[in-house]
Amino acid sequence: MDQSSPTPQLPDASVSPVPVPPVQLRDLSSLAQIVTSEFEKKESANHERKITVNPFVSKVASAYEKLRNAMEYREEEVVLRATIERILHRRLLLGGTAKTTAEPLIRELIWARYLQDNLVGESAIAKVEEIINLYLHLRLRVLEKHHVKVSVMNEWTYHLMSSSIEHALNPNLEKQTIANFMYQVMRDDVTIIDDTGQTRDAQVYIAVRRAFARDDLAFLRYHLFELYFGGLTMDNLDQIVAGFPEGLKEITAQLAYPRKERIMNYVKKRAAVFFILEDILHSHKADLKEFLRDEDKVKEAVFAACSKRYKSISTKVRTAIIRSFVFILTTKVIFAFAVEGTYEQLFYGAIQWTSIIINTSIPPLLMIVVGLFIRTPKEDNTRRIFEYVKVVLYEESPRLGNQLIVKKQEDKPNIVFTFFWLCAFLISFGAIISVLSRLHFNIVSQGIFIFFVTIVSFLAYRISMTAHLYSVGDKQAILTPFSDFLFLPIIRVGRRLTLTVSQVNIVLFAFDFLIETPFKVFFAFVEQWFKFLREKSEDLG
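Basis of the calculations
By convention here, each chain's residues receive numbers from 1 onward along its written sequence. Totals for whole chains, interfaces and linings use all residues, but because this is a predicted model, local features are given only for residues with pLDDT of at least 70 and pairs of side-chain atoms are given and counted only at 80 or more. In computing side-chain properties, one takes all heavy atoms of the structure into account and sets aside hydrogens as well as water. Counting from the N terminus, the helices are DSSP H or I runs at least four residues long and the strands are E runs at least two residues long. Note on exposure labels: buried denotes an accessible area under 20% of the residue type's maximum, exposed denotes more than 50%, and partly exposed covers the range between, all computed with a 1.4 Å probe on protein chains only. Contacts were defined at the residue level, with two residues in contact if any of their heavy atoms lie within 4.5 Å. Using a 1.4 Å probe, the Shrake-Rupley method yields the accessible areas, and only the shown protein chains count as cover for residues. Each helix should span, by expectation, one fewer than its residue count multiplied by 1.5 Å. Two rings from Phe, Tyr or Trp (for Trp, the six-membered ring) form a pair when their centres are within 6.5 Å of each other. A pair whose planes differ by under 30 degrees is stacked, one over 60 is edge-to-face, and the rest are tilted. Any carboxyl oxygen of Asp or Glu within 4 Å of a side-chain nitrogen of Lys or Arg constitutes a salt bridge here. Only buried residues count toward a nonpolar core, which is a set of Ala, Val, Leu, Ile, Met, Phe, Trp, Tyr and Cys residues joined through side-chain atoms within 4.5 Å. For every residue, the predictor assigns a confidence score, pLDDT, that lies between 0 and 100. The directions considered for the arc are those from the helix axis to the C-beta atoms. Between N-to-C directions, angles cover 0 to 180 degrees, with each direction set by a line fitted to C-alpha atoms, over the stretch in contact for helices. Should an angle fall under 35 degrees it is taken as roughly parallel, and over 145 as roughly antiparallel, whereas 65 to 115 is taken as roughly perpendicular and any remaining angle as oblique. What makes a crossing left-handed is the near helix being turned counterclockwise from the far one by less than a right angle; a clockwise turn instead makes it right-handed. Distance thresholds for patches are 9 Å for like charges and 5 Å for nonpolar side chains (Val, Leu, Ile, Met, Phe, Trp, Tyr), applied to residues having over 30% relative accessible area and no salt bridge. Ten residues, namely Ala, Val, Leu, Ile, Met, Phe, Trp, Tyr, Cys and Pro, are considered nonpolar, four, namely Asp, Glu, Lys and Arg, are considered charged, and the remaining ones, Gly among them, are considered polar.

Caption draft 1: Geometry of the overall build of the chain. Scanning the chain from terminus to terminus reveals 20 helices and two strands. By residue count, 43% of the 541 residues in the chain fall in the buried class. For the chain, contacts bridging at least 24 residues in sequence account for 83% of all contacts bridging at least 6. Total accessible area on the chain stands at roughly 30500 Å², and carbon and sulfur atoms take up 60% of it.

Next comes the structure, spelled out in structure tokens:
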């Protein structure tokens, strides 16, 4: 080694390292502290005996449920409630009582894997029986005391009963906590200048339940019923019966409020903030309050949660496309083809296969095209979510962007805009009819094609909304007004047809009463047989 080379200098031990700035902790708002306290609560251990089912029966029953659910287009969040309603319909209409329905209903839900095997306690049977009895008593007493249509009362009874049973069997208190938190944050962001604050509160509550909890009509009726009357018990049954017509009228009016969709769209564009917040609260229960006070850790958690949610969009879209296609195929195509085929045989002497092939291929092609154009949110969306999460966690009076100010009574429609809207209908449907006429479609084939295209367009629109579930803000693409002009008339007609046709579905009726009933009887027999064999084998010692 060269002696003349300089000796490397070691750092002076007396020199302190570069100081690291202390972590800046922020105080949670009073509302955020209440929410975090709910998430920190520990569940008490439940040692009661659990309900178990045969695994073979469960495997077959769950496969059947997947097919059955694909035939009825619903959000995932309401599938369990709808299944409970379906089972109640089948069992009660066939002469069942609360006592004979409660346990088989729970077993069917466990068979289909809506509820976990060996997790539901046997006390749930008595609870479900009590709920069924309460609502059957309510139905009977209301029909005796008031002039309420039987069909209306039946629908309300099944909606309230099935919703109440789901909350008893599958309580999601943390979800309800976040939904209530979102309502408290959002209600001051909305103003209805020509209506009462009470109506404003009800509309924001409904919008939150739809946008965040993804409630259907039955759940909305149930939650508003609970707010209006309180929970149904034998103690307040007489009081609820006496005020039922007024409550029915008020709840119906709120659900049909003329500005509900405007408020819903405003709330929905901010729902992603609370989806992400829910994920964070679930993931950091151990040291929740201290974790949330550290803004840097919250930012890291927000970006991680958003990334996970964005990756799930393609799966959600793919599932929605498959379910939509099966829904159309099983509930609409058979009937439509029967009509088209019969008409062509009678008037043309043969089936026109060109129109059949086109009518068959358009729905899946349209779904595929929708899937190709789905895009996940970008990083700027994640940054906006983080900024809003900070607002709801740390500010005492949080505001999520600009306020919404609406009027109950809309201004009279501009005659020019009305004319343009009519033109949009004429252009959209006129172009379709013109093309079909050039392809020599007869009038029935054209009607069926339009029927399919409008319904598929509406379902495709719903699927595209799935991709925007985690987008926040009011940004709009440049070409959106032009696409709305051409496609909104088709989508609106499809929405109306979907809602109308789904109320009268012969195929589903056949499944529920002619196929499902013997299936479930067979499942019960097989389960009892396996139980009998197991007991015999145990006798051998």
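Anyway, onward from the coordinates.
Caption draft 2: Region of interest: the environment of Thr 382. Within the element layout of this structure, Thr 382 appears in helix 16 (residues 379-394). If we ignore the near neighbours within four places in the chain, the residues touching Thr 382 are Val 302, Phe 303, Cys 306 and Tyr 310.

Caption draft 3: Fine view of helix 2 (residues 55-70). If you check helix 2, its first and last C-alpha atoms are 23 Å apart, about what 16 residues at 1.5 Å a residue would give, namely 22 Å. Every buried residue of helix 2 is listed here: Val 57, Ser 58, Ala 61, Ser 62, Tyr 64, Glu 65, Arg 68, Asn 69 and Ala 70.

Caption draft 4: Fine view of the packing of aromatic side chains. Enumeration according to the criterion identifies nine aromatic pairs in this entry. Relative to Phe 244, the ring of Trp 156 lies with its centre 6.3 Å away and its plane at 80°, an arrangement referred to as edge-to-face. Placement of the pair is Trp 156 in helix 6 (residues 150-169) and Phe 244 in helix 10 (residues 237-255), with a sequence separation of 88 residues. Residue classification places Trp 156 among the buried positions, given a relative accessible area of 3%.

Caption draft 5: Quick peek at the environment of Val 456. Note that Val 456 resides in helix 18 (residues 443-467). A C-alpha to C-alpha distance of 7.5 Å links Val 456 and Leu 366, two positions 90 residues apart in sequence.

Caption draft 6: Representation of the pattern of salt bridges within the structure. Tallied over the entire structure, the rule returns 26 salt bridges. Two residues, Glu 108 and Arg 91, come together in a salt bridge whose shortest N-O distance is 2.9 Å. One end of the pair, Glu 108, is in helix 4 (residues 98-111); the other, Arg 91, is in helix 3 (residues 79-93), with 17 residues separating them in the sequence. On the basis of relative accessible area, Glu 108 is assigned to the buried category, the value being 2%. Taking relative accessible area as the criterion, Arg 91 reaches 24% and is therefore assigned partly exposed. For Glu 174, the salt bridge is made with Lys 285, and the minimal N-O distance between the two is 2.4 Å. A residue pair is termed long-range when its members are at least 10 positions apart, and Glu 174 in helix 7 (residues 173-186) and Lys 285 in the loop between helix 12 (271-283) and helix 13 (288-293) qualify at 111 residues.

Caption draft 7: Looking closely at the nonpolar core. Of all hydrophobic cores here, the largest spans 126 residues; its most connected members are Leu 138, Ile 165, Phe 225 and Phe 274. Take this core: its biggest share by element is 11 residues, from helix 18. Ile 165 has contacts with Ile 84, Leu 88, Leu 105, Val 128, Ile 131 and Ile 132, leaving out every residue within four places of it along the chain. Of all hydrophobic cores here, the second largest spans eight residues; its members include Phe 429, Leu 436, Ile 450 and Ile 490.

Caption draft 8: Representation of the confidence of the model for the chain in the model. Taken residue by residue, the chain gives an average pLDDT of 83. The fraction at 70 or more is 81%. Across residues 1-11, where pLDDT falls below 50, the model places zero contacts with residues more than four positions away in sequence or in other chains.

Caption draft 9: Seen up close, helix 1 (residues 30-40). Taken together, the buried positions of helix 1 are occupied by Ala 32, Val 35, Thr 36 and Phe 39. All buried residues of helix 1 lie within an arc of 95° about the axis, which places them on one face of the element. As for helix 1, its buried residues are in contact with helix 7, helix 12, helix 13 and helix 16.

Caption draft 10: Local environment of the packing of helix 5 (residues 123-145) against helix 6. For the pair helix 5 and helix 6, interaxial distance at closest approach is 10 Å and the crossing angle is 160°. For the element pair helix 5 / helix 6, the angle class is roughly antiparallel. For the element pair helix 5 and helix 6, the recorded crossing hand is right-handed. Between helix 5 and helix 6, the residues in contact are Ala 124, Lys 127, Val 128, Ile 131, Ile 132, Tyr 135, Leu 136, Leu 138, Arg 139, Val 142 and Leu 143 and Val 150, Met 153, Asn 154, Thr 157, Leu 160, Met 161, Ser 164, Ile 165, Ala 168 and Leu 169, respectively.

Caption draft 11: Structural detail: the side chain of Lys 175. Note that Lys 175 resides in helix 7. Discounting chain neighbours no more than four positions away, the residues touching Lys 175 are Phe 212, Ala 213, Phe 275 and Glu 278.

Caption draft 12: Summary view of the environment of Pro 104. You can see Pro 104 is positioned in helix 4. Measuring from C-alpha to C-alpha, the distance between Pro 104 and Ile 87 comes to 9.2 Å, with 17 residues separating the pair along the chain.

Caption draft 13: Expanded view of unusual backbone geometry. Unusually for a residue other than glycine, Arg 113 sits at a positive phi of about 65°. Along the chain, the position of Arg 113 falls in the loop between helix 4 and helix 5. Given the relative accessible area of 51%, Arg 113 is considered exposed. Here Asn 118, not a glycine, exhibits a phi torsion of approximately 60°, which is positive. As for its position among the elements, Asn 118 is in the loop between helix 4 and helix 5.

Caption draft 14: Representation of the side chain of Arg 259 within the structure. Inspection of the secondary structure assignment puts Arg 259 in the loop between helix 10 and helix 11 (260-268). For Arg 259, a relative accessible area of 14% corresponds to the buried category.

Caption draft 15: Inspection of a nonpolar patch on the surface at higher detail. A contiguous nonpolar patch, built from Leu 365, Ile 368, Val 369, Leu 372 and Phe 373 and spanning about 530 Å² of accessible area, is present on the exposed surface. Here Phe 373 is to be found in the loop between helix 15 (353-372) and helix 16.

Caption draft 16: Focus on the packing of helix 17 (residues 415-438) against helix 18. Where helix 17 contacts helix 18, the axes come no closer than 11 Å and their chain directions differ by 135°. If you check the angle between helix 17 and helix 18, you find them oblique. Both helix 17 and helix 18 take part in a crossing whose hand is right-handed. Where helix 17 abuts helix 18, its residues Phe 429, Ile 432, Ile 433, Leu 436 and Ser 437 lie against Gln 446, Phe 449, Ile 450 and Thr 454. Here the contact of helix 17 with helix 18 is built from residues that sort into six nonpolar, three polar and no charged.

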